[in-house]
Amino acid sequence: MKFKVIHIFIIPFLLMSCGEGYKKIDGNWAWVLHSEAGKHVRKINADISTFTILDSPEYARDKNSVYWRGIEIENCDPETFKVITENGYAKDKKNVYLDTEIVIFANPSTFEIIEWPYAKDDERIFNGNLPMNVDNIEEFEITKSSGMKTSSTKSFFIKQNEGYTWLDTLSVNAIITGGSAEAKTQTQKFKGYKRIE
């Protein structure tokens, strides 16, 4: 009987000690990840007195910045920032974000999730943080969903997708997409972000 009681307390302790999250280390905040390879610490240069972990625990903010897994989201407004979904979408008064990247050309006041990896605003359909070339957004329909999320550097993405050289003019570091989902309109078919018909 004593063994069972000890066993019940040990399992939750082990589960809590694994994983990731924000923790204070030597009086400063950090994002800490425990994995099979060991403990990894991403230090944050945060304002300690205003630092708050948000309801979606991958995010935190202080009076100056917003953080996703300990990485500062560039040019994000902490006062108006809010998480939209568990998929990593969030917004402030100026932009929509996916993880730490801006959703390119998205309007935060009309942005809404359809189903990962697709979202829309009043003018465009998006796959991850990438705007798609969809003729009629009202007809856009997902035919196959996918939970896959792929991230690549902007330069690598452009090398693999020659039609996206215009991304070089934007201050975006990474392109995040879901490539195996499928969608259509009455005149177009898509696999991921690519038009296939």
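This text goes with the structure placed above it.
Remember, it's a predicted structure, so these values are computed and weren't measured experimentally. (Residues numbered from 1 in each chain as written. Predicted model: local features only at pLDDT ≥ 70, side-chain atom pairs only at ≥ 80, totals over all residues. Heavy atoms only, no water.)

Colleague: With reference to specific residues and values, describe the pattern of salt bridges.
Modeller: In this structure the tally under the stated criterion is four salt bridges. One salt bridge in this structure joins Arg69 and Glu58, with 2.5 Å as the shortest N-O distance. Of this pair, Arg69 sits in the loop between strand S6 (66–68) and strand S7 (71–72) while Glu58 sits in the loop between strand S4 (52–53) and strand S5 (59–61), and the two are 11 residues apart along the sequence. Across the pair Lys149 and Asp99 runs a salt bridge whose closest N-O atoms are separated by 3.2 Å. With Lys149 in the loop between strand S16 (141–144) and strand S17 (150–153) and Asp99 in the loop between strand S10 (96–98) and strand S11 (101–102), this residue pair connects regions lying 50 residues apart in the sequence. For Lys149, a relative accessible area of 38% corresponds to the partly exposed category. (Salt bridge = Lys/Arg side-chain N within 4 Å of Asp/Glu carboxyl O. Helix = DSSP H or I, 4+ residues; strand = E, 2+ residues; numbered from the N terminus. Buried < 20%, exposed > 50% of the residue type's maximum accessible area, 1.4 Å probe, protein only.)

Colleague: So what's going on with the side chain of Asn127? Which residues, and what values?
Modeller: Looking at where Asn127 falls in the secondary structure, it is placed in strand S14 (residues 125–127). Among the polar contacts made by the side chain of Asn127, one reaches the main-chain amide nitrogen of Gly178 at a distance of 2.8 Å. A distance of 3.3 Å separates the side chain of Asn127 from the backbone oxygen of Gly192, its partner in a polar contact. (Polar contact = N/O pair within 3.5 Å; in protein donor to acceptor, adjacent residues only side chain to side chain.)

Colleague: Give me the lowdown on the nonpolar core, citing residues and values where you can.
Modeller: Leu130, Met132, Phe140 and Leu167 are the most contacted members of the largest nonpolar core, which totals 18 residues. With residues near it in sequence (within four places) discarded, Met132 still touches Tyr118, Ile125, Phe126, Asn127, Phe140, Phe190, Gly192 and Tyr193. (Core = buried A, V, L, I, M, F, W, Y, C linked by side-chain atoms within 4.5 Å. Contact = heavy atoms within 4.5 Å.)

Colleague: Just give me the short version of the packing of aromatic side chains, but keep the residues and values in it.
Modeller: Two descriptors summarise a pair of aromatic rings, namely the distance from one centre to the other and the angle between the planes of the rings. Applying the stated criterion across every chain yields a total of 15 aromatic pairs. Taken together, a centroid distance of 5.5 Å and an interplanar angle of 45 degrees make the contact between Tyr59 and Phe81 tilted. One end of the pair, Tyr59, is in strand S5; the other, Phe81, is in the loop between S7 and strand S8 (82–83), and 22 residues separate them in sequence. The burial state of Tyr59 is the same as that of Phe81; both residues are buried. Three or more aromatic residues joined by ring pairs form one cluster here, namely Tyr22, Trp29, Trp31, Phe51 and Tyr67. (Phe/Tyr/Trp six-rings, centres within 6.5 Å; stacked < 30°, edge-to-face > 60°.)

Colleague: Account for the sheet that holds S8, with residues named and values stated.
Modeller: Taken in spatial order, the four strands of this open sheet run S8-S9-S10-S11, and their pairing is antiparallel. The sheet is open, and its two edges are formed by S8 and S11, each paired on a single side. Summarising the sheet, S8 and strand S9 (residues 89–91) pair through two bridges and their orientation is antiparallel. Note that in S9 the partner of Val83 across the bridge is Ala90. (Pairing = 2+ DSSP bridges.)

Coordinates in, geometry out; function isn't part of it.
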